[in-house]
Amino acid sequence: MTADEALAAAEHAVDLSGSDPARALALARTVLAALPASCREASRRAVPAGAPDGTSDGVLSDGVPEGSTPGSGYYGTPGGVLDDGVPVGGAPERDPEGSTPGSGYDDGYDGGPGGGAISGRVAGCGHCEVEVVAHRAVAVAARELGDLPFAEERLGRAVRIALSAGLPHRAAQARLSLVHIRTELGHPEQALAVAADAEPGLTPAEVGKLGVHRAVALARLGRYREAVDHCDLAVPVLGGDVRFLAGAMLNRGLARVFLGEFEAAEADLSRCAELAGEAGLEHVLALAEGNLPFLAARRGDLAAAFSAYRRAESILVGYPERLATVRCDLAEALVGAHLPGEARVLLEMAVPELAAAGAGTALAEALLLLARVELRTGDPRRARESAELAARELAAQGRTVLVPVADEIVLRARLALAPPSAELPAAMLSCADALDAAGHRDASAALRLTAAEVSLGLGDRPSAEEQLALLSRPGHGVVALQATALRRSLAGDRRGAFAAVLAGLAEVGAGTRTFEDPVVRAHAARAGEPLAGFGLALAMRTGRGRAVLAWAERWRAVTGGAGRPLAPGLAALRAALGESVLVEFVRHEGDLAAVVVTRDRVTLHRLGPFPAVAEATVRLRYGLRRTHLLDGSAAEPGAEAAELERLLFGSLRDRLGDRPLVIVPTGTLHTLPWPLLPTNADRPVTVAASAAAWLAGRRVPAVRAGRDAAVPVAVAGPGLRYAEAEVRMVGECHAGTERVAARRAEVMAALERADMIHLAAHGMFSPRSPLLSSIDLDDGPLMAYDLLRLRTPPALVVLSACDAGMAHAPADGAPLGLAGTFLSLGTRCVVASLVPVRDEETLTLMTAFHRALAAGDPPARALALASGRTGVAGFVCFGCGDGPVATGPEEPVA
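Description of the structure in this document.

Rules behind the numbers
Residues numbered from 1 in each chain as written. Predicted model: local features only at pLDDT ≥ 70, side-chain atom pairs only at ≥ 80, totals over all residues. Heavy atoms only, no water. Helix = DSSP H or I, 4+ residues; strand = E, 2+ residues; numbered from the N terminus. Buried < 20%, exposed > 50% of the residue type's maximum accessible area, 1.4 Å probe, protein only. Contact = heavy atoms within 4.5 Å. Areas by Shrake-Rupley, 256 points an atom, 1.4 Å probe, with all protein chains shown as cover. Pairing = 2+ DSSP bridges. Axes fitted to C-alpha atoms, helices over the stretch in contact; angles between N-to-C directions. Core = buried A, V, L, I, M, F, W, Y, C linked by side-chain atoms within 4.5 Å. Expected span 1.5 Å × (residues − 1). Bend = angle between axes of the 7 residues up to and from the residue. Polar contact = N/O pair within 3.5 Å; in protein donor to acceptor, adjacent residues only side chain to side chain. Salt bridge = Lys/Arg side-chain N within 4 Å of Asp/Glu carboxyl O. Parallel < 35°, antiparallel > 145°, perpendicular 65-115°, else oblique. Left-handed = near helix turned anticlockwise from the far one by under 90°. Nonpolar A, V, L, I, M, F, W, Y, C, P; charged D, E, K, R; others polar. Phe/Tyr/Trp six-rings, centres within 6.5 Å; stacked < 30°, edge-to-face > 60°. Lys NZ or Arg CZ within 6 Å of the ring centre and 35° of its normal.

Let us now look at the overall build of the protein chain. For the protein chain, the helix and strand inventory stands at 38 helices and 14 strands. By residue count, 57% of the 894 residues in the protein chain fall in the buried class. Restricting the contact set of the protein chain to residue pairs at least 6 apart, pairs at least 24 apart contribute 69%. When the accessible surface of the protein chain is totalled, it reaches about 33,600 Å², and 53% of it is carbon and sulfur.

Structure (structure tokens):
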């Protein structure tokens, strides 16, 4: 093979790396193996380690960052890689497509003018140029396959050889490829310096390619408008280079997402997908598809975001580093949409892949984001570890503007893990100064407020008042109103403090009113949780049940989507209750209290430490699960139920009597199967998100407007032994019942037209990510986020599935899960299980329940009767279960 043929093959390997990196790698290695050994030795002698390669701003002369290991295992060999690309040892390792270096690997390329396959040794001159291009091809292919450190090492080598051999254009080309690698390894500023070194030696078309790579570095630095501008300049000069043109569309589209230019971003990503599809650039097509979840989440369309992510995950399965980047982008959008649980799931998958790929920039950002969501999801220990690691990575990369953000997380984690030390407020104020200097004004104000509260707890009132006075000035939003409320309370002005709290909650409510998604709304409202807690504390000091109920309901109204902190009218609530009694539980400074509302009065009861109640709830649920598994060693759950009854209702029994009960839980109590408590045996019990939500549910019609009778629907999911029997039973109880296939599209359509639906299927609750809770259907899971598309949900939903009633409540008033999603969309009542129930017992219970329902009993009473007659417990009535439900024109079943 001549030198010209070898050069053509190496150039082809560079081009091939975009569409088939594994084949490109094999071809480039074949070219390197065909070079004369004397040539390779000469090139290494000509370029000693440390020889200048013309890069600047901290890049070592060989293009390898300090601390990295050249040839760090891309071929998977324990001893490293020889300079010719062949592994150390005897026989050469086989390439991804089954070929071996120098063995006549055939990739469909005819080898140049000679027309034959590449084989034998390269003859003639030009060996250095061949080697430079081949090393660049190996690097670009390695980058596509996720080995960034190895790609950087090969490009550094290509630059050194080119400069030594007097090939400035080839050196510039290698630097062009190095720009993107340096960015992904965590050095975007250095990447821009490399680009500046490369540009003078490039052709106009290659300068366009350089602009595509520069856009990535600029975007990493938050300079999105400049990234768009560089792509704009690149597009006209790229000509027919489809790979780089698609890359320009991709990079510009992502930058436009960050700028909020969603329509233009979608057009760019669609054009990228079109170009990549036509050219067979499967991984670029996958990236275009993979960024659609990020775009959808930024737009606020979370249902579309999760659907697009599900597609992207299957497309990018062969590109772990790229899939990790897509997960991080979506996680960032989910954090912006106030979904920390869902973001954490994605980040915990992405971080190890980024670390394995050596993607330093993305890894540091992912660690910082992970620390934020770990703190927000109640894991301060892990948050502190992630934040400390992120701070070290960011400092090493010179990205000092983000280091104070990591430091703030560390300080908040310290506060959550142990009582505050005397020096903690000073550390917080120092961090707040750093946040101010870095431009993070809102974070600085919030941390100063926390420092003031800690100072008050430590008895340092002067320091606290100094910070509160600073924060009370206009310009700090809700933080200013909370600081004002605290200052007025310290001055003895309770009325003024209440007014400031109310104004702050109104501001929070106005900010969350536009969110249709209940999960987004609940997490967005958490910014006002400290303020709401302070208002509740002020109300508790009055000792009046009416005041506590009003302030608890105001907060629940904000989290529940009312938009304004309004409490229901007490007269209307009492009238609607009739003979029933409402118990609303609230938490205050670690203690549990209950407000009891009956037709004649409202009373406040202090119940004791909340942790004791939470622990007893967990023990009861554990015992019920062991019983479900028929574990003979399981403790009798009745004892735990009796203990919980004592803790919750011991001082309330006289007020409750045997009347129907409406319960508004808090925290862990959302997971308690209330009918299991002895005092609730045979009692109709309804669990509601708030008193106002229960009251509103009474106004939901049982039959859709314009209909003379209800439309009942039944669905039997896969793998459930008695699902078919349940569906037949529902049809026997309710005339006109429509049987619907257990497929997502059919079930979603049925949910839009049904007045009552019974779903018999396996269920799964995702505590970290309630939107990922699901019901198994024939063609896959029906997720809670799928339900967000519903516009006219049924009035009554029966979820005959284990754990389908479980909820995670990031804030009181917003229980999230399958049942909570239905209720937030307008369903009047959901009947679902909070614990596993055996299949045959579920059929027995549901038969009794539907017979009572068909006889005219409201859902809560029908469930109480069914549980009493069958002895099967675990199902709960959510929403408003004390009104009759129309289930069809049938005669009552005997």
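Still more ground to cover, so stick around.
Moving on, we get to the sheet that holds strand 12 (residues 796-800). Pairing is mixed in the open sheet, where 11 strands are placed in the order 3-2-1-4-5-14-13-12-8-6-7. Across the chains shown, the open sheet's two edge strands, defined by having one partner strand only, are strand 3 (602-609) and strand 7 (738-740). Mean inter-strand twist for the sheet, computed between neighbouring axes without regard to direction, equals 25°. In terms of strand pairing, strand 13 (residues 829-833) meets strand 14 (residues 875-879) through five bridges, oriented antiparallel. Each bridged residue has a counterpart across the sheet, and for C829 the counterpart in strand 14 is G879. Relative to the sheet, helix 27 (residues 545-560) contacts strand 1 (581-588), strand 2 (591-597), strand 3 and strand 4 (661-664), its axis offset from that of strand 1 by approximately 75°. Lying over the sheet, helix 33 (residues 723-733) contacts strand 6 (712-716), strand 7, strand 8 (756-760) and strand 12, oriented at roughly 170° with respect to strand 6.

What follows deals with the nonpolar core. Formed by 221 residues in total, the largest nonpolar core has its most connected members in F585, L648, F649, W674 and L799. The greatest single-element share of this core, amounting to 10 residues, is contributed by helix 17 (residues 360-376). Filtering out sequence-adjacent residues up to four positions away, W674 remains in contact with F585, L648, F649, I663, P665, L669, N680, V685, V687 and V876. Counting 50 residues, the second-largest nonpolar core is a separate cluster that includes L505, A532, L573 and A576.

Right, let's talk about helix 16 (residues 340-357) for a bit. Between the first and last C-alpha of helix 16 there are 25 Å, a value that for 18 residues agrees with the 26 Å anticipated at 1.5 Å per step. In helix 16, a bend of some 25° at L347 exceeds every other bend along the element.

Another aspect to go through is the pairing of strand 11 (residues 780-783). Bridge count for strand 10 (residues 774-777) against strand 11 is four bridges, and the pairing is antiparallel. Counterpart to I775 in the pairing with strand 11 is L782. Between strand 10 and strand 11, which pair antiparallel in sequence order, lie two residues.

Inspection of the sheet shows strand 9 (residues 763-764) paired to strand 10 by two bridges, in the antiparallel sense. Its bridge partner being in strand 10, M764 is matched across the sheet by S774.

Relative to the helices and strands, C802 resides in the loop between strand 12 and helix 36 (818-825). Through-space distance from the C-alpha of C802 to that of I775 is 9.4 Å; in sequence the pair is 27 residues apart. With sequence-adjacent residues up to four places away left out, C802 is seen in contact with G763, M764, V835, P836 and V837.

Phi at E589 takes a positive value of approximately 50°, unusual for a residue other than glycine. Tracing the sequence through the fold places E589 in the loop between strand 1 and strand 2.

Looking at the secondary structure, you find R256 in helix 10 (residues 242-258). The exposure class of R256 is buried, given its relative accessible area of 15%. Once the C-alpha coordinates of R256 and R225 are considered, the two residues, 31 residues apart in sequence, prove to be 8.0 Å apart. Side-chain polar atoms of R256 contact the side chain of D268, separated by 2.7 Å.

By the secondary structure assignment, L582 is in strand 1. Those residues within four positions of L582 in sequence are excluded, and the remaining contacts are L573, L577, V595, V596, V597, V662, V664 and A691.

Next up on the list: the pattern of salt bridges. Summed over the entire model, instances satisfying the criterion amount to 43 salt bridges. Ionic pairing is found between R271 and E274, a salt bridge with its closest N-O pair at 3.2 Å. In this pair, R271 and E274 are both assigned in helix 11 (residues 262-279), three residues apart and thus about one turn of the helix distant. E274 sits in the partly exposed class, given a relative accessible area of 41%. The partner of D882 in a salt bridge is R698, with the nearest N and O atoms 3.8 Å apart.

On to the packing of helix 21 (residues 441-457) against helix 22 (residues 461-471), then. The N-to-C vectors of helix 21 and helix 22 enclose an angle of 155°; their axes lie 8 Å apart at closest approach. Taken as axis vectors, helix 21 and helix 22 run roughly antiparallel relative to one another. The handedness of the crossing between helix 21 and helix 22 is left-handed. Note on element contacts: helix 22 touches helix 21 through R461, S463, A464, Q467, L468, L470 and L471, opposite A445, R448, L449, A452, S455 and L456.

Next up on the list: the sheet that holds strand 10. Sheet architecture is open: three strands sit in the order 9-10-11, paired in antiparallel fashion. Only two strands of the sheet have a single partner each, and these edge strands are strand 9 and strand 11.

The contact between helix 17 and helix 18 (residues 380-396) brings their axes to 8 Å, and the two run at 155°. Comparing the axis directions of helix 17 and helix 18 gives the class roughly antiparallel. Helix 17 and helix 18 meet at a crossing whose hand is left-handed. Each of A364, L367, L368, L370, A371, E374 and L375 in helix 17 lies in contact with helix 18, whose residues at this interface are P380, R382, A383, S386, A387, L389, A390, E393 and L394. Here the residues of the contact of helix 17 with helix 18 sort into 12 nonpolar, one polar and three charged.

A few words now on the packing of aromatic side chains. On inspection of all chains with the given rule, the structure shows six aromatic pairs. When the ring of F258 is compared with that of F294, the centres are 5.2 Å apart and the planes differ by 55°; the resulting orientation is tilted. On the criterion of sequence distance, the pair formed by F258 in helix 10 and F294 in helix 13 (residues 292-299) is long-range, its members being 36 residues apart. Here F585 and W674 contribute two aromatic rings whose centre-to-centre distance is 5.6 Å and whose plane-to-plane angle is 25°, an arrangement assigned as stacked. Of this pair, F585 sits in strand 1 while W674 sits in the loop between strand 4 and strand 5 (685-687), and the two are 89 residues apart along the sequence. One aromatic cluster in this structure is built from Y224, F258 and F294. The cationic tip of R554 hangs over the ring face of W551; the distance from NZ or CZ to the ring centre is 4.6 Å. Stacked on the ring of F610, the Lys or Arg R587 has its end atom at 5.3 Å from the ring centre.

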